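One-letter residues, chain by chain:
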Amino acid sequence: MAEFLTLQSAVATYVHDGDVVALEGFTHLIPFAAGHEIIRQRRRDLTLVRLTPDLICDQLIGAGCARKLVFSWGGNPGVGSLHRFRDAVEHDWPHALELDEHTHAGLANRFVAGASGLPFAVLRAYAGTDVAAQSSSIASVTCPFTGEVLAAVAALRPDVTVIHAQQADRAGNVRLWGITGVQKESVLAATRSIVTVEEIVDDFHDDRNAVFLPSWTVTAIAHVPGGCYPSYAAGYSERDNDYYEAWDDLSRDRQVFEDWLEHQVYEQARAR
Amino acid sequence: MAEFLTLQSAVATYVHDGDVVALEGFTHLIPFAAGHEIIRQRRRDLTLVRLTPDLICDQLIGAGCARKLVFSWGGNPGVGSLHRFRDAVEHDWPHALELDEHTHAGLANRFVAGASGLPFAVLRAYAGTDVAAQSSSIASVTCPFTGEVLAAVAALRPDVTVIHAQQADRAGNVRLWGITGVQKESVLAATRSIVTVEEIVDDFHDDRNAVFLPSWTVTAIAHVPGGCYPSYAAGYSERDNDYYEAWDDLSRDRQVFEDWLEHQVYEQARAR
Amino acid sequence: MSVFSTDEIMTIAASRELAGARSCFVGIGLPSVAANLARSLHAPGLVLVYESGTIGAKPTRLPLSIGDGELARTADVVVSVPEIFNYWLQPGRIDVGMLSAAQIDRFANLNTTVIGSYDQPEVRLPGAGGAPEIASACPRVIIVMRQSKKTFVDKLDYRTTVGFGDGAGARSRLGMPGAGPCVLISDLGIFRPDPRTFEMTLTALHPGATVMGVRDATGWDLAVSGDLVETLAPTDEELEHLRRLHANSKAKATD
Amino acid sequence: MSVFSTDEIMTIAASRELAGARSCFVGIGLPSVAANLARSLHAPGLVLVYESGTIGAKPTRLPLSIGDGELARTADVVVSVPEIFNYWLQPGRIDVGMLSAAQIDRFANLNTTVIGSYDQPEVRLPGAGGAPEIASACPRVIIVMRQSKKTFVDKLDYRTTVGFGDGAGARSRLGMPGAGPCVLISDLGIFRPDPRTFEMTLTALHPGATVMGVRDATGWDLAVSGDLVETLAPTDEELEHLRRLHANSKAKATD
């Protein structure tokens, strides 16, 4: 059954140096607070996994937490580049970043295979592209009925998956709705999971078709209202689009970024 | 976009002799009225597909509509045998019935492959059993990453899938909830689809995570309240368990079954 | 001590095997009765999972079918059938699988498909359903079935579901992740796999049953444990819960 | 005739290509503007599908990202990301895919991954996202992108997405079900694949553009159609709808 912990304890206990850490949430429900806590606890050599690295991975990469990034689209949505990601790839700053790069369909199916307890998943993808050649987690498989050659992607099983959700009940069951991305698959594929939530409720609204993660599939829950800001939680908050645009300037310069890191992330640790 | 038709027209137009016809609904929302209409229109040589044939396939088989049955569990749930199914298999009455028999996981994944536009699906199943040897739609595939040998099942693409749902809106979008079985996959896998519904509504209740089939994925909709009796529609009716128990006696004897067919199915056609 | 039927002690003994389990993938009939009894008696937090996609069902009466409305209404969540098999059963997420069958052999392989030959059957049975994957994937499997020479057979007419295949090493050769049938409970006694041969071995006799009687109801040359014990008789509390469960159910409770 | 920008005629020309389409899989940026304009102008029933899983989104302002709350709130249904790719895109259920890119070659192959070498990039771009499978699976593909020698190149630095591969027959050799990029719309003109060579060929010039100007902004030896026409100038209604769409959007509209 899920443990209720502070975010600080959850990260201290369940995210280790060198871990494969998936941080999921497709535009919606991105676990920023947990990302900042990982930065504050100065985790190193992480393999970060996220379909859309977004600002959260830009921050973790810029802070020096990541050795490798597994992803499928690394931009600032609707704005442009992720400058910390680019600086790491283009100039090895703060150090080199290894990439394992997929399409959305391919990476989503790597989580599906992981959640399904299968070693791989099959899809029609990657044919004729340079993407397949770049990744050791893409291969091909032949249909035993038709002879068609299809893509195979290796199952992804993170050491820990971190997500943000709208609600947990007191038994530790988790519920999320709206754009649900690959959150269910990424939690079910992982060895451990940390869920930050907007609210802890006595009872869920009676909607059995929303994504529901039983308490026994979740390792730790932390109550962190607003824990997905500047992303959003449907029913609780709106996306701060201005923040995303401001990040473009803020993150372009190493020093400005490091000042941001100092004041917006590390200082909070010293204040505790 | 879905056409609104009477059930009679929908079956007349979209179910043809020799078709592969999936009738789905896992205990819940079984499309009995559509099954009876298929019997009344005296369709022949059908390949029926259903995870749990239930009374609906028992009736279609006894009435001589089916040449073949693709299924995974052919009993009267909680009661015992399907006597018309047994009579066809054991004594070729009213004629021989070819079987393509799976496990639930295997047949469900055949629908998943069909819905996904893939020629096959992979799962860990059938190993060491006699089931695989009996079916040409089961094979094996080797993981290109680990070398593990897994089961492969051929995609299933019915000519027509028939389901019952709680609601359609006036644009022909369909919504169903509760136990949703493989209804979404069986409709998306099929060339054509017929959906009978309890109710036609102006607007759906705002629940975007229930199974929703956009109008453009559905061929025909017929308004048939109670069209899943003696099965049930959550929110509209209860399962008639007594009917399922009574069917055990009623279906055991060929003559009693034929009387039932005459009075409960065919007479309704003459009354029109 | 109360009077009880052989069916009652079978069901109660099966429910006891669920002590400590977090979740159980339940087939309809005897397994469903035993699992619901366990939830009522000693495992109130036991998560019942049915192949209709209901996770955490808390039925107040015994369901007649695995897709009863009662299961959906009382579940924590209802998922699709592909999802229940692919995301929940297949990865071994459900601790215990509970199965029954028409025939079983000494290695706890099961037949639910046909009596006689496949092409010219004497009796056509329902078929596989979820059983083969439940028996493969669940970390532990419990089998509950009434015993006779017709059901405990030397050779299955059809192997629908693999228990221990042809014995030691078979499961790992077949790539089956779970440990297989850890216990078989009949109306006469309790059988567990021999740790070396994986043959189902009589380890407990229900009160009133004899080794001779069990042998007479077994189609193979039965192995008997050197530590044979007697099954604890049902307590009044167990009987009371079981009978209340049946009384609460309008529907027939067992297959 | 109103004054209009080259971006405006590009977007309007792209939106016209959606006439008759039932559904469109929309990338963010220029494609999203064109698709939303089509819905506003002449295709009110056009089903917009975004890779965030929103099916039938009806945004009243241009979304800044493909996972905007506005898309989820106005959608007919929201499904998971695996489902949107596996059940909806992959089987070719979505009529039209709309894409943009940093580089395109004469066979409408696209690069959104890197400028320079992969290992020592000059500019690291976002990567593949949904584009490769959109371009493979959708029955028709529309590409919208601004044109220069830097974007219309003789040789891609990286082939992220296949249009027509190395030309005739390539798509079927690769097992791609859709017909591929039926049209490429830039800020200077409109290009369609030659039916024999599958090379993108200039078939229309936007008002004010010249063949010479287009050649100067193309990195390969451009093929020009014998039936070259002028793109119909934007109507007042088209411009009005496009400008209202931008005005309604607090967010920046184009990439």
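Computed from a prediction, not measured in an experiment: that's the story for all the values here.

1. Quick word on the overall build of chain C
A tally of helices and strands in chain C yields eight helices and 14 strands. Scaling as 2.2 N^0.38, a compact globule of 255 residues should have a C-alpha radius of gyration of about 18 Å, and chain C matches this with 17 Å. Counting the 255 residues in chain C, one finds 64% classified as buried. Long-range pairs, those at least 24 residues apart, make up 64% of the contacts in chain C between residues at least 6 apart in sequence. Entry remark: accessible area of chain C is about 8,800 Å², with carbon and sulfur atoms responsible for 53%.

2. Considering the state of the cysteines
This model, assessed by the stated rule, comprises zero disulfides over all chains. Looking at A:C143, it has no disulfide partner, and the nearest cysteine sulfur is the one in B:C143, 16 Å off. The exposure class of A:C143 is buried, given its relative accessible area of 3%. Counting only cysteine sulfurs, C:C138 is the nearest neighbor of C:C24, a cysteine outside any disulfide, at a range of 7.7 Å. Residue classification places C:C24 among the buried residues on the basis of a relative accessible area of 0%.

3. With respect to the pairing of strand β13 (residues 200-205) of chain D
All names here are of chain D. With six of six residues buried, β13 is to be regarded as a mostly interior element. Linking strand β12 (residues 189-193) to β13, which pair antiparallel, is a turn of six residues; within it F198 sits at a positive phi near 65°. Relative to strand β14 (residues 223-230), β13 runs parallel, the two sharing four bridges. Residue pairing in the sheet places T201 in a bridge with A223 of β14. With respect to chirality, the unit in which β13 leads through helix α7 (residues 211-216) into the neighbouring parallel β14 is right-handed.

4. Details of the interface of chain D and chain A
Buried accessible area, meaning the area lost when the parts come together, often serves as the stated size of an interface. Each partner contributes to the interface: chain D provides 46 residues, whereas chain A provides 46 residues. Buried area between chain D and chain A, summed over both chains or domains, comes out near 3,700 Å², and the portion from carbon and sulfur atoms is 56%. The largest contributions to the chain D side of the interface with chain A come from D:L64, D:R124 and D:P126, which together make up 17% of the buried area. Between chain D and chain A we count two salt bridges in total. D:R73 is the salt-bridge partner of A:E238, the closest N and O atoms lying 3.6 Å from each other. The interface formed by chain D and chain A holds 18 residue pairs in polar contact (both at pLDDT 80 or more) in total. Counted by class, the side of chain D that touches chain A contains 21 nonpolar, 16 polar and nine charged residues.

5. Some points on the packing of aromatic side chains
Residues and elements named next belong to chain A. In the structure shown here, the tally under the stated rule is 26 aromatic pairs over all chains. Residues W247 and F257 carry aromatic rings whose centres are separated by 6.1 Å and whose planes lie at 85° to one another, so their mutual orientation is edge-to-face. Taken as a pair, W247 in helix α8 (residues 241-250) and F257 in helix α9 (residues 254-270) lie far apart in primary sequence, ten residues in all. When its relative accessible area of 0% is taken as the criterion, F257 is described as buried.

6. Thoughts on the interface of chain A and chain C
Contact with chain A, which involves 14 residues of that partner, is made by 18 residues of chain C. Counting each side, the surface lost to burial between chain A and chain C is near 1,500 Å², with a carbon and sulfur contribution of 59%. Applying the counting rule to chain A against chain C returns one salt bridge. One salt bridge in this structure joins A:K184 and C:E83, with 2.7 Å as the shortest N-O distance. Across the contact surface, chain A and chain C share five residue pairs in polar contact (both at pLDDT 80 or more). Put simply, the parts of the chain that give the side of chain A that touches chain C at least two residues each are α5 (104-115) and α7 (183-189) of chain A.

7. Observations concerning the pairing of strand β9 (residues 138-142) of chain B
Residues and elements named next belong to chain B. Bridge count between β9 and strand β10 (residues 149-154): five bridges; the pairing is antiparallel. For A139, the partnering residue across the bridge sits in β10 and is A152. The hairpin turn running from β9 into β10, its antiparallel successor, is six residues long, and G147 in that turn takes a positive phi close to 80°.

8. Remarks on the domain arrangement of chain A
All names here are of chain A. Structurally, chain A comprises domain 1 (3-102 + 158-261) and domain 2 (110-154). Relative to domain 2, the C-alpha centre of domain 1 lies at a distance of 26 Å. Taken residue by residue, the interface counts 14 residues in domain 1 and ten residues in domain 2. Applying the counting criterion to the domain 1 and domain 2 interface returns one salt bridge. The salt bridge involving D100 is made with R110; its shortest N-O contact spans 3.2 Å. Counting the contacts that link domain 1 with domain 2 gives six residue pairs in polar contact (both at pLDDT 80 or more). Counting residues per element, the ones that place at least two in the side of domain 1 that touches domain 2 are β7 (98-101) and α7. Counting residues per element, the side of domain 1 that touches domain 2 draws most heavily on α7, at four residues.

9. A look at the nonpolar core
Side chains that are nonpolar tend, in soluble globular proteins, to be buried together. Formed by 165 residues in total, the largest nonpolar core has its most connected members in B:L48 and C:L18. If one sorts the elements of this core by residue count, helix α4 (residues 81-89) of chain C sits on top with six residues. Not counting residues up to four positions away in its chain, the partners in contact with B:L48 are B:V21, B:L23, B:C57, B:L60, B:I61, B:A66, B:K68, B:L69 and B:V70. Counting 164 residues, the second largest nonpolar core, distinct from the first, contains A:A33, A:C65, A:L156 and B:A165.

10. What about the environment of C:I143?
All names here are of chain C. As for its position among the elements, I143 is in strand β10 (residues 140-144). Taking C-alpha positions, I143 is 5.5 Å from S100, a pair spaced 43 residues apart along the chain. When neighbours within four sequence positions are excluded, I143 is seen to be in contact with L99, I104, A108, L110, P181, V183, L184 and I185.

11. With respect to the sheet that holds strand β8 (residues 120-123) of chain A
All names here are of chain A. Strand order in this open sheet of three strands is β8-β10-β9, and the pairing throughout is antiparallel. The open sheet has two edge strands with one neighbour each: β8 and β9 (138-142). Each strand of the sheet is rotated relative to its neighbour by a mean of 40°, with strand direction disregarded. Against the sheet, α5 engages β8 and β10 (149-154), with an angle of about 140° to β8.

12. Quick word on the sheet that holds strand β10 (residues 140-144) of chain D
All names here are of chain D. Strand order in this open sheet of ten strands is β4-β3-β2-β1-β5-β10-β11-β12-β13-β14, and the pairing throughout is mixed. The outermost strands of the open sheet, each flanked by one partner alone, are β4 (77-78) and β14. Running at roughly 140° to strand β1 (residues 23-26), helix α4 (residues 81-89) makes contact with β1, β2 (47-49) and β3 (54-57) of the sheet.

13. Some details on unusual backbone geometry
Cis peptide bonds are those with omega within 30 degrees of zero, and the linkage from A:Y229 to A:P230 qualifies with 10°. Among the secondary structure elements, A:P230 is positioned in the loop between β15 (220-223) and α8. A cis geometry characterises the amide bond from B:W93 onward to B:P94, with omega recorded as 0°. Note on placement: B:P94 falls in the loop between α4 (83-91) and β7 (98-101). The backbone phi angle of B:D45 is positive, close to 60°, even though this residue is not glycine. At B:D92, a residue that is not glycine, the phi angle is positive and equals roughly 55°.

14. With respect to the environment of B:P158
All names here are of chain B. Relative to the assigned elements, P158 resides in the loop between β10 and β11 (160-169). Overall, the relative accessible area of 0% leaves P158 in the buried class. Spatially, the C-alpha atom of P158 lies 9.8 Å from that of L23, the residues being 135 residues apart in sequence. Not counting residues up to four positions away in its chain, the partners in contact with P158 are V20, A22, F111, A189, A190 and T191.

15. Focus on helix α2 (residues 32-40) of chain B
In terms of burial, α2(B) is largely enclosed, as nine of its nine residues are buried. Taken from the residues just after α2(B), B:R42 is the one with a positive phi, measuring 50°.

16. Here we look at α4(B)
Within α4(B), eight of the nine residues are buried, which leaves it mostly tucked inside the rest of the structure. Three or more residues of α4(B) are buried, namely B:H83, B:R84, B:F85, B:R86, B:D87, B:A88, B:V89 and B:E90.

About the cut-offs
- Residues numbered from 1 in each chain as written.
- Chains lettered and ligands numbered in written order.
- Predicted model: local features only at pLDDT ≥ 70, side-chain atom pairs only at ≥ 80, totals over all residues.
- Heavy atoms only, no water.
- Helix = DSSP H or I, 4+ residues; strand = E, 2+ residues; numbered from the N terminus.
- Rg over C-alpha atoms; globule rule 2.2 N^0.38 Å.
- Buried < 20%, exposed > 50% of the residue type's maximum accessible area, 1.4 Å probe, protein only.
- Contact = heavy atoms within 4.5 Å.
- Areas by Shrake-Rupley, 256 points an atom, 1.4 Å probe, with all protein chains shown as cover.
- Disulfide = S-S within 2.5 Å.
- Pairing = 2+ DSSP bridges.
- Right-handed = clockwise from strand over helix to strand, strands pointing away.
- Buried area = accessible area lost by both parts, 1.4 Å probe.
- Salt bridge = Lys/Arg side-chain N within 4 Å of Asp/Glu carboxyl O.
- Polar contact = N/O pair within 3.5 Å; in protein donor to acceptor, adjacent residues only side chain to side chain.
- Nonpolar A, V, L, I, M, F, W, Y, C, P; charged D, E, K, R; others polar.
- Phe/Tyr/Trp six-rings, centres within 6.5 Å; stacked < 30°, edge-to-face > 60°.
- Domains from an automatic or database assignment.
- Core = buried A, V, L, I, M, F, W, Y, C linked by side-chain atoms within 4.5 Å.
- Axes fitted to C-alpha atoms, helices over the stretch in contact; angles between N-to-C directions.

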